[in-house]
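Residue-level structure breakdown
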Amino acid sequence: MNEKFPKLFSGDFETGIEPDEWNWRQGRDPENVTRQICNAWKSDKSIKELVCHEVIGKVCAQLMNWNGSRLLQDNVLWKPPGGKTLSYHQDAAYDDWISPQTMMTCWIPLDDVSQEKGTLEYVKGSHLWGLAPPRGQFHSPDDYKKELTNFAKKNDKKIEIQYVEVPAGGVAFHHGYTWHGSGINTSRDNRRAVVAHCVPSDAEFHPTNVGGTARIYKKYKKLNSNELEESFFPILWTKKGYRTNV
Ligand SMILES: O=C(O)CCC(=O)C(=O)O
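Residues numbered from 1 in each chain as written. Predicted model: local features only at pLDDT ≥ 70, side-chain atom pairs only at ≥ 80, totals over all residues. Heavy atoms only, no water.

**A short note on the nonpolar core**
The biggest cluster of nonpolar side chains holds 30 residues, and the ones touching the most others in it are Ile-47 and Val-51. Of all the secondary structure elements, the ones that give two or more residues to this core are helix H1 (4-9), helix H2 (45-51), helix H3 (54-64), strand E3 (68-79), strand E6 (104-109), strand E11 (191-200) and strand E13 (235-238). Core analysis: the second largest hydrophobic core is formed by 14 residues, Ala-92, Ala-203, Tyr-217 and Phe-233 among them. (Core = buried A, V, L, I, M, F, W, Y, C linked by side-chain atoms within 4.5 Å. Buried < 20%, exposed > 50% of the residue type's maximum accessible area, 1.4 Å probe, protein only. Helix = DSSP H or I, 4+ residues; strand = E, 2+ residues; numbered from the N terminus.)

**Considerations on the pattern of salt bridges**
Under the definition given, this model contains 10 salt bridges. In this structure, the salt-bridge partner of Asp-111 is Arg-192, at a minimum N-O distance of 2.7 Å. With Asp-111 in the loop between E6 and strand E7 (120-123) and Arg-192 in strand E11, the pair connects residues that are 81 residues apart, well separated along the chain. Classification of Arg-192 as buried rests on a relative accessible area of 14%. (Salt bridge = Lys/Arg side-chain N within 4 Å of Asp/Glu carboxyl O.)

**Comments concerning the sheet that holds strand E10 (residues 180-182)**
Spatially, 4 strands are ordered E4-E10-E7-E8 in an open sheet, and the strand pairing comes out antiparallel. Edge positions in the sheet fall to strand E4 (86-89) and strand E8 (161-163), since each has one partner strand and no second. When strand polarity is set aside, the average angle formed by the axes of neighbouring strands in this sheet is 25°. Pairing between E7 and E8: 3 bridges, direction antiparallel. Opposite Val-123, over in E8, you have Ile-161 as the bridge partner. (Pairing = 2+ DSSP bridges. Axes fitted to C-alpha atoms, helices over the stretch in contact; angles between N-to-C directions.)

**Notes on the packing of aromatic side chains**
The tally for this structure, following the rule as stated, stands at 16 aromatic pairs. Relative to Phe-151, the ring of Trp-129 has its centre 6.1 Å away and its plane inclined at 15°; by these criteria the two rings are stacked. In this pair, Trp-129 is assigned in the loop between E7 and helix H4 (146-155) and Phe-151 in helix H4, connecting sequence segments 22 residues apart. In this structure Phe-151 comes out as buried when scored by relative accessible area, which is 13%. Site record: aromatic cluster; members linked through ring pairs are Trp-97, Phe-205, Tyr-217, Tyr-220, Phe-232 and Phe-233. Cation over ring: Arg-25 sits above Trp-22, and NZ or CZ is 3.8 Å from the ring centre. The ring centre of Trp-78 lies 4.5 Å from the NZ or CZ of Arg-35, which sits over that ring. (Phe/Tyr/Trp six-rings, centres within 6.5 Å; stacked < 30°, edge-to-face > 60°. Lys NZ or Arg CZ within 6 Å of the ring centre and 35° of its normal.)

Shown next, in the form of structure tokens:
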């Protein structure tokens, strides 16, 4: 999977289809930032096999007590040596265009990860803190904990951080309300990850909301229907045994 990263970020897409978001391009953007592609599954068959895996859908549904799971979006993240931060945020804050506004995320590092490599960090118990609107700079802020600190101060919350330190191919699941982010990669190694963001299989487009990432993803809304079309938001698993033939 790691061999796919340079190809994807240079625009060499196996299926000939460009991903929905491609935030870093070889030669155009600074070397020392975290590189991100969203919905690489449309561009690459191996990424599709991974992020559309039935087991990811099943675990997300079981953790959230849903009847099934659907892939809302994937991320391919590449934090090179010296790669900068990603701001603390709550994933579900970006999907107000989905009803219900919720999420469960499966994060899969492709390198051994530790605090010095700028691994993913969670605030323990923060999935119980409710949802705040997304704020501030997401990529490479100088103080990647600024939004979290502001929220915690205002709401009298105690911050206790858990670093995800697992071997390559490990996995972490987080609730859409969990505050999380990541620091600078101070090691000499790459820190790469593939992420599947899931919503309930019966989720729909919110009829009117256009916050968060709606500008990019609401273009997949059909006329006169709030249904999420499986070609763009595949169903990974349901209790009844249904799954989109991806
Ligand atoms: O890998 C990271 O640093 C951030 C990942 C993230 O924000 C997510 O999986 O929701």
